[in-house]
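Close look at the chain arrangement
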Amino acid sequence: SPLREGQHQGRTEEGLAWMTDIRRYGQPHEETSQSALNAFWVTVEVSWQEGPFQTLRTVALTTLKLRNRS
């Protein structure tokens, strides 16, 4: 998927709820220059419940994704 800032969420037919959160790496006030790192924090969170009376389970993974300058 293209790296676009923002949040997206959905649910699979099997009942898994997912959410992605993509945010630019660095501070908002930093100047963008050719030497600046073109990167994004990407967090993906998946939640599920194995049965109607089971505890909701969640796993979240975060990574720093680099993007090529075009």
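Preceding this section is the structure that the text describes.
Okay, so let's go over this structure. Bear in mind that the values here come from a model prediction, so they are computed numbers and not experimental data. (Residues numbered from 1 in each chain as written. Predicted model: local features only at pLDDT ≥ 70, side-chain atom pairs only at ≥ 80, totals over all residues. Heavy atoms only, no water.)

As for the side chain of Ser47
By secondary structure assignment, the location of Ser47 is in strand E3 (residues 39–48). Ser47 gets classed as buried once you look at its relative accessible area, which sits at 14%. In terms of polar contacts, Ser47 uses its side chain to reach the side chain of Thr58, at 3.1 Å. If we skip the residues at most four places from it in the chain, Ser47 touches Gly15, Leu16, Ala17, Leu56, Arg57 and Thr58. (Helix = DSSP H or I, 4+ residues; strand = E, 2+ residues; numbered from the N terminus. Buried < 20%, exposed > 50% of the residue type's maximum accessible area, 1.4 Å probe, protein only. Polar contact = N/O pair within 3.5 Å; in protein donor to acceptor, adjacent residues only side chain to side chain. Contact = heavy atoms within 4.5 Å.)

Brief notes about the pairing of strand E2 (residues 17–24)
Inspection of the sheet shows strand E1 (residues 6–11) paired to E2 by six bridges, in the antiparallel sense. Across the sheet, the residue bridging to Arg11 is Ala17, located in E2. With antiparallel pairing between neighbouring strands as the criterion, E1 and E2 make up a hairpin whose turn holds five residues, including Gly15 at a positive phi of roughly 95°. (Pairing = 2+ DSSP bridges.)

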